[in-house]
Amino acid sequence: MRKEVITDKEAICILIIFTIGSTLILGIGGDAKNDRWISGVIGLVLAIPFLLIYARIQTIFQGRDIFDILIILLGKIGGRFVAVIYVWYAFHLGAMVIRNFGEFVNVVVMPETPMFVLMVTIGAVAIMAVKLGIEVIGRTCAYLLPILVVIIIIVQFLGISEMKANHLKPFFSSTITSILDGAFSSFAFPFAESVVFLGVFFTLKTKKSPYRVYFYGVFLAGLLIIAITIRNILILGPLGTSLYFPSHVAVSRISIGEFLQRIEVSVAFVFGVAALIKISICLFVTAKGVAKVCNLNDYRSVVIQLGLLMVYFAQFIYKDIMTMSDWAFKIYPFYALPFQAILPVFIWIMAEIKKNKITAKKQIA
Amino acid sequence: MRNVKLILLAIIILINSFVTTACWNYREVENLAIVAGAAVDKGEKARYKLTVEIVKIAAGNDAITESKLMSAEGDTIFDCARNAISVSGKRLYWSHNKILIISKEIAEKGVIEMIDWFNRDSETRANVHLAISTENTAEDIFKGKEVIQSIKAFEMEEMLKNEDALSKAPRTEVWEFANNMAEEGIYGCAAAVKLQKMDGGEKTPAVGGTAIFRGDKLIGIVGEEETKDILFAQDNIKGGLLVETVKGKDKDREIPISFEIFKSKTKIEPVFNKNQVKMNVDIETTVTLAELGGCKDFIGKKGREELVKLSETILKERVEKTIKKIQQEYGTDVFGFGKRIYENHYKEWQKIKDNWDENFKNLQVNVKTKIIIKNSAMLSKPLEVRKN
Amino acid sequence: MYKILRKKKLEKAAGEEKDTVSIRTLTKSLEKNIVLLKNAFSGDETVMYRVFQNKHLDSAKCCIFYLDGMVNCEIINENIIQPILSDDLTQDISNHNLLDELRYKIIVANNISVSDDFNTIAAALYAGDTVFLLENCDRVLLIDSKGWQTRSITEPESAKVVRGPREGFTESIIMNISLIRRKIKSHELKFKFREIGERTHTKVCICYIDDIISKDVLKELERRLDEIKIDGVLDSGYIQELIRDEPFSPLETVGYSERPDVVAGRLLGGRVAVIVDGSPVVLTVPFVIVETIQSNEDYYNNYIFASINRLFRGMSLLLSISVPAVFLAIVTYHQEMLPTPLLLSISASREGVPFPTVLSMFIMLLIFDLLREVGTRMPTPIGQAVNIVGTLVLGQAAVEARLVSAPIVIVTAFTGIVNLMNITFIGPSILIRFFLLFASAFIGIYGFIFGFVVTLLHLMSLRSFGVPYMLGTTKIEDHDGQDVLVRAPWWSMTLRPKIIGARNLVRQGPKNKRGNNR
């Protein structure tokens, strides 16, 4: 089988789409009211050192995925054990995004359609994408990202007439704790979710590229997300905090003249595509991990099974949208902390030690 | 062989998925009862009576539309909307609703239920215009006669949209009202609608005046001219006319003058003085002299200065008068003075926010006006009347 | 099951064939040789033969075989029979190696070869050569006397241009090669022949510019051509299908053209052409999707104008697959997206129509494609009449009778017309359109979005001879994108696409900046 390779640019595109994924529709910042964007900025800044750690891990073990790295560092049994934890994280994340999508469509447009059908559909497309391989996903992302960005920018400009600058004021009206809370939640969702890409970026060509990709990818995505958050605050005002899907409602307010109104479909398009890519990446990493843990030759053989499991899991992961929203903003940051921060730091330190040993050995030899 | 099986399987799945399931949300357009406008009244048997204006479409290549009224009662708004099925047979389709009219009676008890439903439901749109009926019931408005369009709700939407060039009623959408209910230092207001007599004795819906709320409860309705003053104080004037009469050369003859407002900017600045708050309201309006009903020269330098001074005083007086009236009669801060303090002087706001309602009643408001006459339209001089 | 049966059948047929081929060898006797050939070609009455002898030299007793209709009789009469019959062969010819003497000194023909192998003789005979037998000789001369009617070079009906050369390929491979050679007079332009088809023995020519093309593509193409086992090749379409990647994809991964200028342009772009005898359509590989929206006229017209046209073509490509699906999704699932007046007028036109929107849309699209096919198959004058009757009358009447609503007719007609803009994309676009239509009917606009992404993923996964099918569509700033949705001016297109023409990127010198600007 041909070794799959993605270029830096494609990797950045995947990362951007992944990061804006479900955030685009759920919004960031939790309870920070009209200071949500400040939370976003702080979250992004918080995420940067961790991105550097992820990139560093990937650079030390160039061409190897996280599961290989774990097995090298922790031995066959310990490594597999931690690898299973990461497989779980990717699997769970994918299921959550599937559920987000299902809830969104179900609540917003199609209340009578069973959510399971919607989730199976997006799951099936994700399965197909993963079966075609990361290279195809990369190229598709490179094709789709400009479309998405253009749509977002156009909508941003169309929204200007509906924006009221005083909705941003007063700055820091919410308490510092709630801003920091929001920052923490936006760090965990979505910025540090890029830890999943440790299972993808082994396909990068050069040693330097992980830094470039991680930095540009998350930074540009962060800018987009913050821009969208500010837009939502400006258009929605205080009502924004009580909406599940602020972007959708904000865009539905836009109406230019008689004809150019009701352009929520743009949000649907961007969200549909971004969620799909996010799910595909999670499924890819899950499949890759399962293949590594079980010593399979090709991850493609488990994609369909895992994909369907993921959809099924999404079905019973939350009871309703209220728990989903609570989970995403309140519990998830703490739940994700070990995967996003604690374990990577641990792996990084191990990797540095191991690396020194290897180089020392080489020098002796 | 395997391929054949796969294809067969795919076809079976496809056919199944279409035959057994395909109409969850699939709706044909002609099966929709398109709601153009809705009116909420007190019900006879249940709590609410919802009257909707439905667009009835006649078959044909040209879209000929007719207005059709339909009412249903229920204990909540959504209950009414669903009960309407038993009248129409079709489910009401709310996405194209343009206006929500609430009767005075209901509004005085509180409108939160309607506001909530329009913001919460995914089919209704939150940018529906909100209006309060000054007639006995809200339903009456829809019973009036249309003038140009066949659908009254569409007509009223046009009226509200074109208020920008009239400034006699505020244009409030449901989401905006919801925001105003929640925000600190401001109370919402809505347009008032009434029936107006036309030639031939028929009545037609008309928009004019402001319904003043306190929280979600209606507390009063003010007239059209006062609405303009409120809009001046809110910095919401986008157009409209300023009409005044001044004394001319002949002592007994008054000269009517209309200015067309092109741009108006109101600066609202609070001034803090120990524990006392004062409001400075600076109105700067750019107008053109659109009508000059007399021979006196207000266009030359001297006359112009005189006119400007005069107009500024007139405007100042009327805005001040209206603010005073609102303060004394209703005591609700529809101008958003408190909101200005909240936004720009957050710390001071923390101190005064608890008794802002009381403060507002006695708030000292200084109105300053500035009128800039941009041009005098096509004529450079007043018309002359030859003296014999 | 079916495969096994077929295999058995094939084996059986091959066995039978072996029995009939008996070993035929030529002898020294002319009479025996004549009988041998006559027997071999018995049942084929187009095989003609004539025995004749020189007036002066008795030993010069000869016989010629040729195929009626395949030869130029003037060549045979004047250049073969005439000199042998009437010249005095005794004078300057030694008896001792008569065949070679005749070959070198007497027969006037541009190409003569000697053979004693029956299969070669038969092949030459079928190719229009004259077989020349001589008494006392077990070898024969194969004299080139080809002469059959060919179509003259005309402008192809399917790809007419307003500006540009008016030549089109014909059915003759030699003529086609000459048409290409006349455009590229470089010693690097290579032609390699091979024969494909166990019964038709069709000549196939691989044509490329040696110092531009990527060797991998050429090697892969040769491998695939060598692997072809087929009894007959009647058109380049056979080869096209047998060498393509992704046999199950509806999208073409091998390009074709009837115009020499297009093929020459693609050769210069680093592609390899495959010319098949008997077909006026020349194949080019690798093929990327942007070639469906490229027209040769783009390169001859002003680049701004050409770019606008190309944008139109790109847009029509997108519209032709997506308009019905989006319309369906919005009208049946997301009525809130329609502006109110539009909703009312669509609703009015739907009033009283019995069929659901999906079904009527599906039927109308089918009918349009049906009419298109009828129009193509009919002789031109009737075809036009059919189209007018079909589209105008049928559409109008259907709306009048309230069988379908007017917007659906408009959407169908628009889709159909827009679809015709990219001739090579008609086939795939039908499939993709229906796929998206069904997806939209399933879960509305989300179905469309996912259908679109699935299509995109499929396109992205396609490769034509190792080259990504969507080459150039994901990058705009690179020179790969210069010739995609717009056609950059010639002075700026200095490089060839990286992956196709890997060996020689420079198309023209960098000096050629902006024409004659001073």
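Residues numbered from 1 in each chain as written. Chains lettered and ligands numbered in written order. Predicted model: local features only at pLDDT ≥ 70, side-chain atom pairs only at ≥ 80, totals over all residues.

Chain B goes by Germination protein, Ger(X)C family in an unreviewed UniProt entry, where it is assigned to Ruminiclostridium cellobioparum subsp. termitidis CT1112. As stated in UniProt under Subcellular location (unreviewed entry), the record for chain B gives "Membrane". Within the UniProt record for chain B, the comment given under Sequence similarities (unreviewed entry) is "Belongs to the GerABKC lipoprotein family." (UniProt positions renumbered as here; feature names shortened; annotations may be inferred.)

In the nomenclature of an unreviewed UniProt entry, chain A is known as Spore germination protein (Amino acid permease) of Ruminiclostridium cellobioparum subsp. termitidis CT1112. Quoted verbatim from the Sequence similarities (unreviewed entry) heading of the UniProt record, the comment on chain A is "Belongs to the amino acid-polyamine-organocation (APC) superfamily. Spore germination protein (SGP) (TC 2.A.3.9) family." Quoted verbatim from the Subcellular location (unreviewed entry) heading of the UniProt record, the comment on chain A is "Membrane".

Q: Describe the overall build of chain B, naming the residues involved and giving the relevant values.
A: Each helix and strand counted, chain B has 13 helices and 13 strands in total. Its C-alpha atoms give chain B a radius of gyration of 27 Å, clearly above 21 Å, the size a compact globule of 388 residues would have. Dimensions of chain B, computed from the C-alpha atoms along their principal axes, are close to 100 × 65 × 55 Å. A burial count over chain B gives 42% of its 388 residues as buried. In chain B, of all internal contacts separated by at least 6 residues, the share reaching a separation of at least 24 is 68%. (Helix = DSSP H or I, 4+ residues; strand = E, 2+ residues; numbered from the N terminus. Rg over C-alpha atoms; globule rule 2.2 N^0.38 Å. Buried ≥ 20, exposed ≤ 12 C-beta atoms within 10 Å, placed from the backbone. Contact = placed C-beta atoms within 7 Å.)

Q: Help me get a handle on the overall build of chain A, residues and values and all.
A: For chain A, the count of helices and strands is 12 helices and 2 strands. Listing the helices and strands of chain A from first to last along the sequence gives α-α-α-α-α-α-α-α-α-β-β-α-α-α. Over its C-alpha atoms chain A spans a radius of gyration of 20 Å, differing by no more than 12% from the 21 Å that the globule rule assigns to 365 residues. Its C-alpha atoms give chain A principal-axis dimensions of roughly 75 × 40 × 35 Å. Relative to its full complement of 365 residues, chain A shows a buried share of 55%. Pairs at least 24 apart in sequence give 83% of the contacts found in chain A among residues at least 6 apart.

Q: Help me get a handle on the sheet that holds strand β10 (residues 241-247) of chain B, residues and values and all.
A: All names here are of chain B. The mixed open sheet is built from 4 strands, whose spatial order is β10-β11-β12-β13. Two strands bound the open sheet, and with one partner strand each, they are β10 and β13 (364-375). When strand polarity is set aside, the average angle formed by the axes of neighbouring strands in this sheet is 35 degrees. Sheet topology places strand β11 (residues 254-273) next to strand β12 (residues 276-292); 16 bridges connect them, and they run antiparallel. Across the sheet, V271 pairs through a bridge with K278, a residue of β12. Packed on one face of the sheet, helix α10 (residues 301-330) meets β10, β12 and β13 and runs near 145 degrees to β13. (Pairing = 2+ DSSP bridges. Axes fitted to C-alpha atoms, helices over the stretch in contact; angles between N-to-C directions.)

Q: Outline the sheet that holds strand β2 (residues 61-67) of chain C, listing residues and values.
A: All names here are of chain C. Spatial ordering of the open sheet is given by β1-β2-β4-β5-β3, a layout of 5 strands whose pairing is antiparallel. Two strands bound the open sheet, and with one partner strand each, they are β1 (47-53) and β3 (112-115). Between one strand axis and the next, the sheet turns by 25 degrees as a mean value, whatever way the strands run. As judged from the 4 bridges shared by β3 and strand β5 (residues 140-143), these two strands associate in the antiparallel manner. By the bridge assignment, I112 is partnered in β5 with I143.

Q: For the pairing of β5 of chain C, give the residues involved together with the corresponding values.
A: All names here are of chain C. Residues of β5 alternate between two faces, with V140 and L142 on one and L141 and I143 on the opposite face, all of them buried. With 3 bridges joining them, strand β4 (residues 130-134) and β5 adopt antiparallel strand pairing. From the neighbouring strand, F132 faces β5, where its bridge partner is L141. A loop of 5 residues connects β4 with β5, the two strands running antiparallel in sequence, and N136 in this loop sits at a positive phi of about 65 degrees.

Q: Give a description of helix α8 (residues 174-182) of chain B that names residues and reports values.
A: Note on helix geometry: an α-helix contains 3.6 residues per turn, so any two residues three or four positions apart are oriented the same way. Residues and elements named next belong to chain B. Most of α8 is tucked away: 7 of the 9 residues are buried. Listing the buried residues of α8 in full gives V174, W175, E176, F177, A178, N179 and N180. Against the buried residues of α8 lie β5 (99-103), α5 (112-120), β6 (129-133) and β7 (189-197).

Q: I'd like to hear about the domain arrangement of chain B, residue by residue, with values.
A: Residue and element names in this part refer to chain B. What the domain assignment lists for chain B is domain 1 (30-222) and domain 2 (224-388). With 21 residues of domain 1 in contact, the opposing surface of domain 2 contributes 24 residues. Secondary-structure elements contributing two or more residues to the side of domain 1 that touches domain 2 are β8 (203-214) and β9 (217-222). The element that contributes the greatest number of residues to the side of domain 1 that touches domain 2 is β8, accounting for 5 residues. Looking at side-chain class alone, the side of domain 1 that touches domain 2 contains 10 nonpolar, 6 polar and 5 charged residues. (Domains from an automatic or database assignment. Nonpolar A, V, L, I, M, F, W, Y, C, P; charged D, E, K, R; others polar.)

Q: Report on the interface of chain C and chain A, specifying residues and quantitative values.
A: Counting residues at the interface gives 20 residues for chain C, matched by 27 residues for chain A. For the side of chain C that touches chain A, the leading source of residues is helix α17 (residues 426-461) of chain C, giving 12 residues.

Q: Could you give an account of the packing of helix α10 (residues 264-293) of chain A against α17 of chain C, naming the residues involved and the relevant values?
A: For any two helices packed against each other, one specifies the inter-axial angle together with the distance between the axes. Contact geometry of α10 of chain A with α17 of chain C gives a least axis separation of 10 Å together with a crossing angle of 45 degrees. The orientation of α10 of chain A with respect to α17 of chain C, classified from their angle, is oblique. In this structure, α10 of chain A meets α17 of chain C at a crossing whose hand is right-handed. Where α10 of chain A approaches α17 of chain C, its residues V265, A268, F269, G272, V273 and L276 of chain A are matched on the opposing element by I445, Y446, I449, F450 and V453 of chain C. (Parallel < 35°, antiparallel > 145°, perpendicular 65-115°, else oblique. Left-handed = near helix turned anticlockwise from the far one by under 90°.)

Q: Please give an account of the environment of V409 of chain C that cites residues and values.
A: Residue and element names in this part refer to chain C. Tracing the chain through its elements places V409 in helix α16 (residues 406-419). Taking the number of C-beta atoms within 10 Å as the measure of exposure, V409 has 20 and is therefore buried. Measuring from C-alpha to C-alpha, the distance between V409 and T391 comes to 9.5 Å, with 18 residues separating the pair along the chain. In contact with V409, not counting residues within four places along its chain, are M364, G395, A398, V399 and V404.

Q: Let's hear about the environment of I430 of chain C: which residues, and what values?
A: If you trace the backbone, I430 of chain C turns up in helix α17. Considering only alpha carbons, one finds I430 of chain C and G416 of chain C, 14 residues apart in sequence, at a separation of 9.6 Å.

Q: Can you tell me about helix α5 (residues 115-132) of chain A, naming the residues and giving the values?
A: Residues and elements named next belong to chain A. With 18 residues, α5 ought to run about 26 Å at 1.5 Å a step, and its terminal C-alpha atoms sit 26 Å apart, in line with that. The buried fraction of α5 is high, at 13 of 18 residues. Following α5 by one or two positions, G133 adopts a phi angle in the positive range, close to 105 degrees. (Expected span 1.5 Å × (residues − 1).)

Q: Can you lay out unusual backbone geometry for me, pointing to particular residues and giving the numbers?
A: Cis geometry is found at the peptide bond from F189 of chain A to P190 of chain A, where omega equals 20 degrees. As for its position among the elements, P190 of chain A is in the loop between α7 (176-188) and α8 (209-236). Following V285 of chain C, the chain continues into P286 of chain C via a peptide bond in cis, with omega recorded as -15 degrees.

Q: Would you mind going over the nonpolar core in detail, with residue names and values included?
A: Within the largest apolar cluster, 324 residues are counted, with the highest numbers of intra-cluster contacts made by I17, I122 and L283 of chain A. Non-local contacts of I122 of chain A, meaning those with residues more than four positions away in its chain, are made with I98, F101, A275, L276 and I279 of chain A together with F450 of chain C. C63, L98, L133 and L141 of chain C belong to the second largest nonpolar core, which has 28 residues in total. (Core = buried A, V, L, I, M, F, W, Y, C linked by C-beta atoms within 7 Å.)

Q: Kindly report on the packing of helix α14 (residues 357-377) of chain C against helix α15 (residues 380-400) of chain C, identifying the contributing residues and their values.
A: Residue and element names in this part refer to chain C. Interhelical geometry of α14 versus α15 gives an angle of 165 degrees and a closest axis separation of 8 Å. Between α14 and α15, the angle is such that the two are roughly antiparallel. Two packed elements cross with a definite hand, and for α14 against α15 that hand is right-handed. Along its contact with α14, which presents L371, V374 and G375, the element α15 presents G383, V386, N387, G390 and T391. Across the contact of α14 with α15, the residue classes break down as 3 nonpolar, 5 polar and no charged.

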